[in-house]
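Chain and residue survey
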Number of protein chains: 2
Amino acid sequence: MSKSIAGPEIERLIQLLARVPGLGPRSARRAALHLIKKKEQLFAPLSAAMAEALDRVRVCSTCGNVDTSDPCTICTDPRREDGTIIVVEDVADLWALERAAAMNARYHVLGGTLSPLDGVGPDDLNIKGLVERVAAGGVSELILAVNATVEGQTTAHYITDQVSDLGIKVTRLAHGVPVGGELDYLDEGTLSAALKSRTTF
Amino acid sequence: MSKSIAGPEIERLIQLLARVPGLGPRSARRAALHLIKKKEQLFAPLSAAMAEALDRVRVCSTCGNVDTSDPCTICTDPRREDGTIIVVEDVADLWALERAAAMNARYHVLGGTLSPLDGVGPDDLNIKGLVERVAAGGVSELILAVNATVEGQTTAHYITDQVSDLGIKVTRLAHGVPVGGELDYLDEGTLSAALKSRTTF
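Quick notes on the rules
- Residues numbered from 1 in each chain as written.
- Chains lettered and ligands numbered in written order.
- Predicted model: local features only at pLDDT ≥ 70, side-chain atom pairs only at ≥ 80, totals over all residues.
- Heavy atoms only, no water.
- Salt bridge = Lys/Arg side-chain N within 4 Å of Asp/Glu carboxyl O.
- Helix = DSSP H or I, 4+ residues; strand = E, 2+ residues; numbered from the N terminus.
- Buried < 20%, exposed > 50% of the residue type's maximum accessible area, 1.4 Å probe, protein only.
- Contact = heavy atoms within 4.5 Å.
- Pairing = 2+ DSSP bridges.
- Axes fitted to C-alpha atoms, helices over the stretch in contact; angles between N-to-C directions.
- Left-handed = near helix turned anticlockwise from the far one by under 90°.
- Nonpolar A, V, L, I, M, F, W, Y, C, P; charged D, E, K, R; others polar.

Scanning the entire structure with this criterion turns up 14 salt bridges over all chains. The network of salt bridges with common partners includes Asp77, Arg79, Arg80 and Glu98 of chain A.

Attention shifts here to the environment of Val170 of chain B. Residues and elements named next belong to chain B. Counting through the fold element by element, Val170 comes out in strand 6 (residues 169-172). Residue classification places Val170 among the partly exposed positions, given a relative accessible area of 29%. Separated by 30 residues in sequence, Val170 and Ser140 place their C-alpha atoms 8.7 Å apart. Val170 has contacts with Leu142, Leu144, Thr160 and Val163, leaving out every residue within four places of it along the chain.

With that settled, consider the sheet that holds strand 4 (residues 106-109) of chain B. All names here are of chain B. Read from one edge to the other, the open sheet built from four strands follows the order 4-3-5-6, with strand pairing classed as parallel. Each edge of the sheet is formed by a strand with only one pairing partner; in this case those strands are strand 4 and strand 6. Averaged over all neighbouring strand pairs, the angle between strand axes comes to 25 degrees, with direction disregarded. With four bridges joining them, strand 3 (residues 84-88) and strand 5 (residues 141-144) adopt parallel strand pairing. Counterpart to Ile85 in the pairing with strand 5 is Leu142. Strand contacts of helix 6 (residues 127-135): strand 3, strand 4 and strand 5, with the helix running at about 150 degrees to strand 4, the strand carrying the most contacts. Sitting on the sheet, helix 7 (residues 150-162) touches strand 3, strand 5 and strand 6, and the angle it makes with strand 5 is about 165 degrees.

Residues and elements named next belong to chain A. Mapped onto the elements of the fold, Thr84 is located in strand 3 (residues 84-88). For Thr84, a relative accessible area of 7% corresponds to the buried category. Contacts of Thr84, omitting those with residues within four sequence positions, involve Met103, Ala105, Arg106, Glu141 and Ile143.

Before going further, it helps to spend a moment on the packing of helix 3 (residues 39-56) of chain A against helix 1 (residues 8-17) of chain B. Where helix 3 of chain A contacts helix 1 of chain B, the axes come no closer than 9 Å and their chain directions differ by 145 degrees. Where helix 3 of chain A crosses over helix 1 of chain B, the handedness of that crossing is left-handed. In contact with Leu42, Pro45, Leu46, Ala49, Met50, Glu52, Ala53 and Arg56 of chain A of helix 3 of chain A, helix 1 of chain B contributes Glu9, Arg12, Leu13, Leu16 and Leu17 of chain B. Classifying every residue of the contact of helix 3 of chain A with helix 1 of chain B gives nine nonpolar, no polar and four charged.

Right, here's the structure in full:
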């Protein structure tokens, strides 16, 4: 805005909202106006929820998940199997797998992938903690749920190497056709992987 | 989320963020995670800016703009012409016109348009306040910058009627080809209006 048309507090709110992923300068203005209009219904509760989450959010020292308790809700959940750890790159991946609700296991968040070009080495990721958890015993399987990218696969290989002496099973997610996916739109790599891992109908 | 995977404070933050225009349930999760990761750089300042804006935001009792002072920055700006009032439907329109920085006038925010089907009558809009401002004197022109919709035009006609005895000039925005617009993509109504209002080259 060239001229100041609203108080500095509102302009600062718009500037900060514009840095939230999913919002840009234009939608940040729309969002700010909407908040101001829905002052009691949305703005006040959101502001309170922000302050509370900001105050209480922690990174779990066991698995790297974010939560308001440390150890996190998943690490302390007595109904989960201790024997399986699903290794993910990011908390977002953990949440995605939890939404699928396919496994009742523990997690380990690496906090990224090995990427020599970006200067990300093993010490920058939460790999040491993972090896320690496995070495402490009680774990029989490590599911490497990293992304199917070069960096993800490199990281998977590195981790496999690190735990090779500990006598546990290391698995990775299956490659194949996404459920609901159309063959025509899939890349050759996926199709060839799906053919190779075909199952009996 | 079927199972609780993060503390209730984080889940509540995600639910509220999902109600911000521009964000949905999916992007609200991404936004919340991003905020948590950028705790010091973004989450803390945004939370503080929200609390401050929430505390200080006011609706201007003169023009209906939102600001942290009442009367607002525009109403109290001594460099603006008192003689011209630009009438807009919404604060968003006021901000849009201010970004264009084409006029140095005062504003009046109606807070919507007349819409009998939705039960919005003249008393639901800030029309009485506008007529009073004009009647108080010192105003020579009313620019009706309402949207070019049926409701906007109905509202414009109603306002023109209300101020017809007060001896002021009432104008509306020009219809025409948007700057940078391609004729091929414009509707017939706009093209015909642009032809009718053609100017000497």
